[in-house]
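Listed below are the residues making up each chain.
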Amino acid sequence: TQLLEQSPQFLSIQEGENLTVYCNSSSVFSSLQWYRQEPGEGPVLLVTVVTGGEVKKLKRLTFQFGDARKDSSLHITAAQPGDTGLYLCAGERGYTNAGKSTFGDGTTLTVKP
Amino acid sequence: DAGITQSPRHKVTETGTPVTLRCHQTENHRYMYWYRQDPGHGLRLIHYSYGVKDTDKGEVSDGYSVSRSKTEDFLLTLESATSSQTSVYFCAISDVRANVLTFGAGSRLTVL
């Protein structure tokens, strides 16, 4: 059973389009992270959200943590080819699991010029 | 970039042979992790360490062992490699009990 469900699994869009990636769970997370991974490299942290309802912006990327801390979304405005990559959400469930992140399967984004 | 080095970066081995992957960090971070990444399964935690000689199992630990004799090194050993252990292995580090991970570049293992 996958604890974190990401959708869509694959996304192919044209440069300039907007997109949203979702990360959903039935479990509550004390914090949630979004990572981006390029081929042949390890994931790189984009953002951490910790408060229910929290919204963080990173240039054209907007991250939201659900009010109940069970879900999150990543919205990209005016996507560029440089945004191409695998986007992973990861969550931590409480103090007893501190430092142990559970990852979603990822969303592979392709932005065509 | 954080100082995390994984070695080897690529390895091909045969079923039944022992394999050791090494993760070396220069950040003096207390927490180190080994994950494997497979298509359709995302990243899954194999083992982790909260300090020297302090290790514990993750969700997919069967067939793997780890050792951490120094803060900077975390070794992952496959005692007898199987084809199901063909994967890309990532080492990660974090400071304090943070959930923010910094990853190495990965080690691609193929077991024939």
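What you are looking at is a predicted structure, and each value in this text was computed from that prediction instead of being measured.

Novice: Quick rundown of the overall build of chain A? Include the residues and the values.
Specialist: A count of helical and extended segments in chain A gives zero helices and eleven strands. A compact globule built from 113 residues would reach a C-alpha radius of gyration of about 13 Å, and chain A, at 14 Å, matches this within 12%. Oriented by its inertia axes, the alpha-carbon framework of chain A measures out at about 45 × 30 × 20 Å. Burial status across chain A gives 44% buried among its 113 residues. Nonlocal contacts in chain A, meaning residues at least 24 apart in sequence, comprise 55% of its contacts between residues at least 6 apart. About 5,300 Å² of surface is accessible on chain A, with carbon and sulfur atoms providing 49% of the total. A gap of 5 Å separates the mean positions of the 10 positive and 11 negative side-chain charges of chain A.

Novice: Account for the packing of aromatic side chains, with residues named and values stated.
Specialist: Residue and element names in this part refer to chain B. One pass over the structure, following the stated rule, counts ten aromatic pairs over all chains. Ring centres of Y33 and Y35 lie 6.5 Å apart, and the angle between their planes is 40 degrees; this geometry places the pair in the tilted category. Both residues of the pair, Y33 and Y35, count as buried. Ring geometry for Y35 and F103: centres 6.0 Å apart, planes at 55 degrees, overall tilted.

Novice: Provide a residue-level description of the pairing of strand β4 (residues 31–37) of chain A, including the pertinent values.
Specialist: All names here are of chain A. When you tally the buried positions in β4, you get seven out of seven residues, the bulk of the element. Here seven bridges tie β4 to strand β9 (residues 85–92), and the two strands are oriented antiparallel to one another. Of the residues in β9, the one forming a bridge with R36 is Y87. Across five bridges, the pairing between β4 and strand β5 (residues 44–49) is antiparallel. From the neighbouring strand, R36 faces β5, where its bridge partner is V44.

Novice: Describe the sheet that holds strand β8 (residues 71–76) of chain A, listing the residues and the values that go with them.
Specialist: All names here are of chain A. Ordered by their spatial adjacency, five strands build an open sheet running β1-β3-β8-β7-β6, and the pairing between neighbours is antiparallel. If you trace the sheet from one side to the other, it starts and ends with β1 (5–7) and β6 (55–58), each paired once. Here the strands of the sheet are splayed against their neighbours by 15 degrees on average, with no regard to which way each runs. Note: strand β7 (residues 61–65) against β8, five bridges, orientation antiparallel. The partner of Q64 across the bridge, within β8, is S73.

Novice: Run through the nonpolar core, naming residues and quoting values.
Specialist: Residues L19(A), L32(A), W34(A), L74(A), I76(A) and L109(A) are the most contacted members of the largest nonpolar core, which totals 20 residues. Put simply, the parts of the chain that give this core at least two residues each are β3 (19–24), β4, β5, β7, β8, β9 and β11 (107–112) of chain A. The residues contacting L32(A), other than those within four sequence positions of it, are L4(A), C23(A), V47(A), T48(A), V49(A), F65(A), S72(A), C89(A), A90(A) and G91(A). By size, the runner-up hydrophobic cluster in this structure holds 19 residues, among which are V19(B), C23(B), L78(B) and L109(B).

Novice: Describe the interface of chain B and chain A, with residues and values.
Specialist: In this complex, chain B contributes 20 residues to the contact, which on the side of chain A involves 21 residues. On the surface where chain B and chain A come into contact, there are zero salt bridges. At the surface where chain B touches chain A, the tally comes to four residue pairs in polar contact (both at pLDDT 80 or more). Contributions of two or more residues to the side of chain B that touches chain A are made by β4 (31–38) and β5 (42–51) of chain B. Tallying contributions element by element places β5(B) first for the side of chain B that touches chain A, with five residues. Residues of the side of chain B that touches chain A, tallied by class, amount to twelve nonpolar, six polar and two charged.

Thresholds, definitions, all that
- Residues numbered from 1 in each chain as written.
- Chains lettered and ligands numbered in written order.
- Predicted model: local features only at pLDDT ≥ 70, side-chain atom pairs only at ≥ 80, totals over all residues.
- Heavy atoms only, no water.
- Helix = DSSP H or I, 4+ residues; strand = E, 2+ residues; numbered from the N terminus.
- Rg over C-alpha atoms; globule rule 2.2 N^0.38 Å.
- Buried < 20%, exposed > 50% of the residue type's maximum accessible area, 1.4 Å probe, protein only.
- Contact = heavy atoms within 4.5 Å.
- Areas by Shrake-Rupley, 256 points an atom, 1.4 Å probe, with all protein chains shown as cover.
- Lys, Arg positive; Asp, Glu negative; His and termini not counted.
- Charge placed at Lys NZ, Arg CZ, Asp CG, Glu CD.
- Phe/Tyr/Trp six-rings, centres within 6.5 Å; stacked < 30°, edge-to-face > 60°.
- Pairing = 2+ DSSP bridges.
- Axes fitted to C-alpha atoms, helices over the stretch in contact; angles between N-to-C directions.
- Core = buried A, V, L, I, M, F, W, Y, C linked by side-chain atoms within 4.5 Å.
- Salt bridge = Lys/Arg side-chain N within 4 Å of Asp/Glu carboxyl O.
- Polar contact = N/O pair within 3.5 Å; in protein donor to acceptor, adjacent residues only side chain to side chain.
- Nonpolar A, V, L, I, M, F, W, Y, C, P; charged D, E, K, R; others polar.

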